[in-house]
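Close look at the chain arrangement
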Amino acid sequence: GHGEKSIEDTDPEGINKLKEAILDENYEVEEILTLREEGIPGDCEILVVAAAEKDMFATESAAMARYLSEGGKLLILLEPILDLPELYELINRNGIEIGDDVVIDRFGRVLAGNFLTPVVNQYGDHPITKGFAHASFFPQARSIGKTEEPSGEAEVVIIASTGESAYAETNIDAILEEGKTQYEGEQDLAGPVGLAAVATVEIDTTALQGARRRGSNSRVVVFGDSDFASNSYFDLGGNKDLIMNTIGWLAEEGDLIAIRPKDSLSQPVMLTARQGRIVFWLPVVFIPAAVGAVGIAVALRKKRSP
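Here's a quick rundown of the structure. The structure presented is a predicted model; accordingly, all values stated were derived computationally and were not measured.

Comments concerning the side chain of T162
- Topologically, T162 is positioned in strand 8 (residues 154-162).
- One polar contact links the side chain of T162 to the main-chain amide nitrogen of V193, over a distance of 2.9 Å.

This is the structure:
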């Protein structure tokens, strides 16, 4: 009810592919309107907030906080340039910090054609990303980190980060109004930039006082982008593995955490900047120029022949 991506939407920006992949793991997937519910449904294994455009009401964030206090599992996919205080406060209380920025990646231009698609090639020491080798792509993302003074109860791990070629631009107005960006050491966050974090909090079962116990700990995973899990990018690089392993970890289903077979036709070729220049100049400039030169030489030779 806050403008989230729809699980029924088969358009490029929808998340129908994610829904189908979860259904294939024998889970049920339903959309809920939290304002109509007295709380989070009792059979909810994982609550997903997928790219909310408007903030939660205080009653909704309170219901989500209760859900977590009972051992609930929460997955939040964010977008940059949005201000959602209630949702961000809930995330912050679990030791995860939301950056007010847009991540710029010069390496992303080589692989994705623009600076606004950070490439994740560094993964944290966590079950979700164990054995990860594929790069993941996050079109238009914000930074995710640990709070400066995290709660002693929350164990926070950054599970996905960019390389050193990226930085988090805090001057968002310059990007929106002028289409320009430049790294400013005092204001911007230098790479590697975190783009996803998990927080685990052990539950004090004695404090539940008859409330539903959903697990021995609460688990929260926050991504600084939602488009990586959308229909357009779901099968690209390591995106599918990353989001599906996250679902498996949240559900405490270790068997669902795996590196899945790749469709080689849908995978990008990873090139360095030097290799990218060679790939451009050789087929686009040098080969056509050589063919043209041979053609001219042949024409001139024929013209000179008696």
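Some points on the layout of surface pockets
- As a volume, the largest pocket reaches approximately 1000 Å³.
- Taken together, 34 residues line the largest pocket, and the ones lying closest to its centre are E30, E31, I32, I46 and V48.
- Of all elements in the fold, only helix 1 (16-24), strand 1 (47-50) and helix 2 (58-69) reach the threshold of two or more residues within the lining of the largest pocket.
- At four residues, the largest contribution of residues to the lining of the largest pocket is made by strand 1.
- Per-class residue counts for the lining of the largest pocket are 21 nonpolar, four polar and nine charged.

Remarks on unusual backbone geometry
- Omega for the peptide link from G191 to P192 comes to 0°, which places this bond in the cis form.
- Tracing the chain through its elements places P192 in the loop between strand 10 (189-190) and strand 11 (194-202).
- For N26, which is not a glycine, the phi torsion comes out positive at approximately 70°.
- By the element assignment, N26 lies in the loop between helix 1 and strand 1.

Concerning the packing of aromatic side chains
- Summed over the entire model, instances satisfying the criterion amount to five aromatic pairs.
- An angle of 10° between the planes, with centres 4.6 Å apart, marks the rings of F138 and F228 as stacked. Here the residue F138 occupies a position in the loop between strand 6 (136-137) and strand 7 (144-146), and F228 occupies one in the loop between strand 12 (217-223) and helix 6 (239-250), the gap between them amounting to 90 residues.
- Residue F138 is classed as buried on the basis of its relative accessible area of 0%.
- With a centroid separation of 5.4 Å and 65° between ring planes, the pair formed by Y167 and Y183 is classed as edge-to-face. Here Y167 is found in strand 9 (residues 166-169), whereas its partner Y183 is found in the loop between helix 5 (172-178) and strand 10, with 16 residues between them in sequence.
- Site record: aromatic cluster; members linked through ring pairs are F138, F223 and F228.
- We note R219 situated over the ring of W249; from NZ or CZ to the ring centre the distance is 4.4 Å.

Considering the pattern of salt bridges
- Applying the stated criterion across every chain, the model contains five salt bridges.
- Across the salt bridge formed by K17 and D235, the nearest N and O atoms sit 3.0 Å from each other. Here K17, found in helix 1, pairs with D235, found in the loop between strand 12 and helix 6; they are 218 residues apart in sequence, far enough to count as distant.
- On the basis of relative accessibility, which here comes to 33%, the residue D235 falls in the partly exposed class.
- Notably, a salt bridge pairs E252 with K73, separated by 3.2 Å at the nearest N-O pair. With E252 in the loop between helix 6 and helix 7 (273-304) and K73 in strand 2 (residues 73-77), the pair connects residues that are 179 residues apart, well separated along the chain.
- Among the residues examined, E252 registers a relative accessible area of 43% and is labelled partly exposed.

Things to note about the packing of helix 2 against helix 3 (residues 85-92)
- Two elements in contact, helix 2 and helix 3, have axes whose closest approach is 9 Å; the angle formed by their N-to-C orientations is 20°. Viewed along their axes, helix 2 and helix 3 adopt a mutual orientation that is roughly parallel. In this structure, helix 2 meets helix 3 at a crossing whose hand is right-handed. Contact residues: A58, S61, M64, A65 and L68 in helix 2; E86, L87 and L90 in helix 3.

Things to note about the pairing of strand 1
- Bridge analysis of strand 1 against strand 2 gives four bridges, and the strand direction is parallel. Residue pairing for strand 2: A50 is matched across the bridge by L77.
- In this region the chain leaves strand 1, passes through helix 2 and returns to the parallel neighbour strand 2; the handedness of that crossover is right-handed.

Notes on the nonpolar core
- Counting residues in hydrophobic clusters, the biggest one holds 36 residues, and the most contacted among them are F223 and I243.
- Of all the secondary structure elements, the ones that give two or more residues to this core are helix 1, strand 2, strand 8, strand 9, strand 11, strand 12 and helix 6.
- The residues contacting I243, other than those within four sequence positions of it, are L18, L75, L77, F223, F228, A229 and F234.
- Counting residues in each nonpolar core, the second largest holds 27 residues, with L90, I91, I144 and V222 among its members.

Quick notes on the rules
- Residue indices begin from 1 for each chain and proceed along its sequence in written order.
- pLDDT decides what is reported in this predicted model: residues at 70 or higher carry local features, side-chain atom pairs at 80 or more are listed and counted, and totals for whole chains, interfaces and linings draw on all residues regardless.
- Neither water nor hydrogens contribute to the side-chain values; these are computed over all heavy atoms in the structure.
- Helix numbering and strand numbering both begin at the N terminus, where a helix is a DSSP run of H or I of at least 4 residues and a strand a DSSP run of E of at least 2.
- Pairs of N or O atoms are called polar contacts if they sit within 3.5 Å, as long as, within protein, a hydrogen donor faces a hydrogen acceptor (for residues adjacent in sequence, only side-chain-to-side-chain pairs).
- A 1.4 Å probe that fits into a set of points on a 1 Å grid over the protein atoms alone but cannot get out defines a cavity; an open set with protein on both sides within 12 Å along at least five of seven lines defines a pocket, and lining residues are those with an atom within 4 Å of a point.
- Grid points are joined across faces, edges and corners, and a volume is the space filled by probe spheres set on the points.
- Under the scheme applied, nonpolar residues are Ala, Val, Leu, Ile, Met, Phe, Trp, Tyr, Cys and Pro; charged residues are Asp, Glu, Lys and Arg; polar residues are all the others, including Gly.
- Here is the rule: rings of Phe, Tyr and Trp (six-membered ring for Trp) pair when centre to centre is within 6.5 Å. Planes less than 30 degrees apart are stacked, more than 60 are edge-to-face, and the remainder are tilted.
- Buried, partly exposed and exposed residues are distinguished by accessible area as a fraction of the type maximum, computed with a 1.4 Å probe on protein chains only: under 20%, between the cut-offs, and over 50%, respectively.
- Only when the NZ of Lys or the CZ of Arg is both within 6 Å of the ring centre and within 35 degrees of the ring normal is a charge said to sit over the ring.
- One side-chain nitrogen of Lys or Arg within 4 Å of one carboxyl oxygen of Asp or Glu is enough to make a salt bridge.
- A fitted line through C-alpha atoms serves as each axis, taken over the contacting stretch for helices, and the angle formed by two N-to-C directions is quoted from 0 to 180°.
- Should an angle fall under 35 degrees it is called roughly parallel, over 145 degrees roughly antiparallel, and 65 to 115 degrees roughly perpendicular, with every other angle called oblique.
- Take the far helix as your reference; a near helix turned counterclockwise from it by less than a right angle gives a left-handed crossing, and one turned clockwise gives a right-handed crossing.
- Only heavy atoms matter for contacts: two residues are in contact if any of them lie within 4.5 Å across the pair.
- Two strands make a pair as long as DSSP finds a minimum of two bridges between them.
- Assignment of crossover handedness uses the view with strands pointing away from the viewer, where a clockwise path from the first strand over the helix to the second indicates a right-handed crossover.
- Joining through side-chain atoms within 4.5 Å is the link that ties buried Ala, Val, Leu, Ile, Met, Phe, Trp, Tyr and Cys residues into a set, and such a set is a nonpolar core.

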